[in-house]
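Here are the chains, one letter per residue:
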Amino acid sequence: MTAAAKQIIDAALKLEPAERERIAHELLESIDGSSDAEISPAWEAEIQQRLRKIEAGEAAFVSGDEVFARAEAILRGER
C-alpha cells in the first residue's frame, strides 16, 4: 500500500460511520460498476423488509444444504 493510500485510509477512519459507508459504497461502485439505480423500488422495499426482520430476530434462516435438499425434493415431485 502506498503512503498516499495509507493516509487516505487513516483520514477516512476518523469520519463518522455514515460518511465512511458512503465512501466505501462509492469506491466499490467504481470497481464493479454496480449501481443502486439498477434495483427496482419493489426489490428495494423487499430488501429493507427482510433486513428489518433479520435485525428484529424474526427471520428464520435455512442452511444452503437444506435449501438444495428441499429443491431436489420438489424436482423429484416429493414436495
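Residues numbered from 1 in each chain as written. Predicted model: local features only at pLDDT ≥ 70, side-chain atom pairs only at ≥ 80, totals over all residues. Heavy atoms only, no water.

A.B. asks: For this particular structure, what's the right way to read the overall build of the chain?
C.D. replies: Of regular secondary structure, the chain possesses four helices and zero strands. Along the chain direction, N to C, the helices and strands of the chain fall in the order α-α-α-α. In terms of overall dimensions, the chain has a C-alpha envelope of 60 × 25 × 25 Å along the principal axes. Accessible area for the chain stands at about 7100 Å²; split by element, carbon and sulfur atoms hold 58% of it. Averaging the locations of the 10 positively and 17 negatively charged side chains of the chain gives two centres separated by 4 Å. (Helix = DSSP H or I, 4+ residues; strand = E, 2+ residues; numbered from the N terminus. Areas by Shrake-Rupley, 256 points an atom, 1.4 Å probe, with all protein chains shown as cover. Lys, Arg positive; Asp, Glu negative; His and termini not counted. Charge placed at Lys NZ, Arg CZ, Asp CG, Glu CD.)

A.B. asks: Is there a simple way to explain the confidence of the model for the chain in this structure?
C.D. replies: Fine structural detail should not be taken from predicted coordinates in areas where pLDDT scores are low. Taken residue by residue, the chain gives an average pLDDT of 89. The fraction at 70 or more is 94%. Across the chain, element-level confidence peaks in helix H4 (residues 64-75) with a mean pLDDT of 95 and bottoms out in helix H2 (residues 17-32) with 88. (pLDDT = per-residue confidence, 0-100.)

A.B. asks: Any chance you could explain the pattern of salt bridges here in plain terms?
C.D. replies: Opposite charge on two side chains allows them to pair when their charged atoms are near. Under the definition given, this model contains five salt bridges. A salt bridge links Arg-22 to Glu-26; the shortest N-O distance between them is 2.6 Å. Of this pair, Arg-22 and Glu-26 both sit in helix H2, four residues apart, roughly one helical turn. The partly exposed category is assigned to Glu-26, whose relative accessible area is 35%. In this structure, Glu-66 engages Arg-70 in a salt bridge whose closest nitrogen and oxygen atoms are separated by 3.0 Å. (Salt bridge = Lys/Arg side-chain N within 4 Å of Asp/Glu carboxyl O. Buried < 20%, exposed > 50% of the residue type's maximum accessible area, 1.4 Å probe, protein only.)

A.B. asks: It is not clear to me how a nonpolar patch on the surface should be interpreted in this structure. Could you clarify?
C.D. replies: Taken together, the side chains of Met-1, Ile-9 and Leu-13 make up a nonpolar region of the molecular surface, amounting to roughly 350 Å² of accessible area. Of note, Leu-13 is situated in the loop between helix H1 (3-12) and H2. (Patch = residues over 30% accessible without salt bridge, like charges linked within 9 Å, V, L, I, M, F, W, Y side chains within 5 Å.)

A.B. asks: Would you mind showing me how to read H2 here?
C.D. replies: Each full turn of the α-helix corresponds to 3.6 residues, which orients residues three or four apart in the same direction. Spanning 16 residues, H2 covers 22 Å between terminal C-alpha atoms, matching the ideal 22 Å at 1.5 Å per step. Where burial is concerned, little of H2 is hidden: zero out of the 16 residues are buried. (Expected span 1.5 Å × (residues − 1).)

A.B. asks: Would you take a moment to explain the environment of Glu-26 for this structure?
C.D. replies: The sequence separation of Glu-26 and Lys-14 amounts to 12 residues, and the corresponding C-alpha distance is 17 Å. In terms of polar contacts, Glu-26 uses its side chain to reach the side chain of Arg-22, at 2.6 Å. (Polar contact = N/O pair within 3.5 Å; in protein donor to acceptor, adjacent residues only side chain to side chain.)

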